[in-house]
Amino acid sequence: MARVFQSNWIGKGALTSEFEAAFARHLAVDRPLVRSVNCCTEGLFQAMPLLGIGPGDEVVLPSISFVGAGHAVVAAGATPVFCDVDPRTLNATAETISEKVTPRTKAALILHYGGVPCDVDAITEVLTTGRVALIEDSACSVASTYKARSCGTLGDIGIWSFDAVKLLSTGDGGMIYCRDAGMAERVERLLYLGLTTPAGFTSDARERWWEFDVIAPGRRATTNDIASAIGLEQLKKLPVFVQSRKDIHAFYDDALKGLEWLRTPPAPSVGSESSYYMYWVQTPAAVRDRLARCLKEHGIYTTFRYLPLHRLPVYGTHDRLPHAEQAAETTLCLPIHQRLSREDRERVVDAIHQFGKRL
Ligand SMILES: *Cc1c(COP(=O)(O)O)cnc(C)c1O
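A quick note: this is a predicted structure, and the numbers were derived from the prediction, not measured. (Residues numbered from 1 in each chain as written. Predicted model: local features only at pLDDT ≥ 70, side-chain atom pairs only at ≥ 80, totals over all residues. Heavy atoms only, no water.)

### Topic: the packing of helix α2 (residues 14–27) against helix α8 (residues 225–256)
Where α2 contacts α8, the two axes come as close as 8 Å, and the packing angle between them is 25 degrees. Taken together, the axes of α2 and α8 lie roughly parallel to each other. Between α2 and α8 the crossing geometry is left-handed. Contact residues: Ala14, Leu15, Thr16, Glu18, Phe19, Ala22, Phe23 and His26 in α2; Asp225, Ser228, Ala229, Gly231, Leu232, Leu235 and Leu238 in α8. Residue classes in the contact of α2 with α8 are distributed as nine nonpolar, four polar and two charged. (Axes fitted to C-alpha atoms, helices over the stretch in contact; angles between N-to-C directions. Helix = DSSP H or I, 4+ residues; strand = E, 2+ residues; numbered from the N terminus. Parallel < 35°, antiparallel > 145°, perpendicular 65-115°, else oblique. Left-handed = near helix turned anticlockwise from the far one by under 90°. Contact = heavy atoms within 4.5 Å. Nonpolar A, V, L, I, M, F, W, Y, C, P; charged D, E, K, R; others polar.)

### Re empty space enclosed by the protein
Throughout the structure, instances matching the rule amount to one cavity of 30 Å³ or more. Lining the largest cavity, in full, are Phe19, Ser36, Val37, Phe162, Thr170, Asp172, Gly173, Gly174, Thr223, Ala227 and Ser228. Elements that contribute at least two residues to the lining of the largest cavity include exactly β1 (34–37) and α8. In terms of residue class, the lining of the largest cavity is made up of four nonpolar, six polar and one charged. (1 Å grid on protein atoms, 1.4 Å probe; cavity = no way out; pocket = protein on both sides within 12 Å on 5 of 7 lines; lining within 4 Å. Points joined across faces, edges and corners; volume = space filled by probe spheres on them.)

### Side note on the sheet that holds strand β5 (residues 133–137)
Read from one edge to the other, the open sheet built from seven strands follows the order β1-β9-β8-β5-β4-β2-β3, with strand pairing classed as mixed. For this open sheet the edge positions go to β1 and β3 (79–83), each flanked by a neighbour on one side alone. Adjacent strand axes in the sheet meet at a mean angle of 20 degrees when their direction is disregarded. Note: β1 against strand β9 (residues 174–178), four bridges, orientation antiparallel. Across the sheet, residue Val34 finds its bridge partner in β9, namely Tyr177. Taken strand by strand, α2 contacts β1, β8 (157–161) and β9, and its axis lies near 125 degrees from that of β1. (Pairing = 2+ DSSP bridges.)

Take a look at the structure:
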């Protein structure tokens, strides 16, 4: 951070480039395929035109998705088509996606719920048949791997979030991976007003250094060297963060097993690693809200992510997606973060056991 201030340049510069390179190494992909962005939502919005998605096209996404994922499809003039999820992992599957693929489908936009990877090979097989692109919202899965490859690098475009509640946080921020370097270069330009050449102080023109070329009406969604300096340090600590969350998972799993009215989350399948971003339990529908209220009375905040989009008035569909709807009625996300103390974990578990006794 001292370097940023001593350099007299706090905008996007050398530190951001270093952070991009370090993140590419973390993902084990080529450096030019990775570009920074001011948030994951912006990356989702950029992904659509980047893949040529527009009016008349359809994008399949799980109903249990971040709300901005739906907005990104609509903003491109395309139609979001919501698919169902696996009732335990809350992830989209090859089956639930293929039910919704039509000749108009241009992309599937998946997320790895809570950090547990989807079965991407099976999904890719469905998509390849229909020449459908794969976009990964990798906001939950910054350290997740599928068959030894990083989540977010398994399809055409992947996007990460570094917002305030994520595992790796820069306050706000994100990264975009593109399968080919040309696309990555294009998105970098679109994120800075569509400028193709650096203008002003950084231009190497001998005269009229203030002039510039523009390839498209881009936006202004770059990050800066203050955020990137934080990101570089956070990235070094990422393995410790993941381990801490993995320990919390193991603690909750152990302390909650044997409650016949409650199910702990599924483990990642063989060959996958989770980021342990969320810890969710599932109870009968009649119990879930009561449990949430009881924990709140004990000063323990719980929540449910992500509200099924097909039920939101803004998307107003009459589709029935039974597993997504069931998950939304039965799933509760318990407190988890890398500094959650032993006492706090025990408080959560004790409150759940107390509640269970009164059922
Ligand atoms: C947090 C989150 C986002 C949004 O990220 P921002 O950087 O805040 O735009 C997108 N998708 C998922 C799954 C998230 O959890």
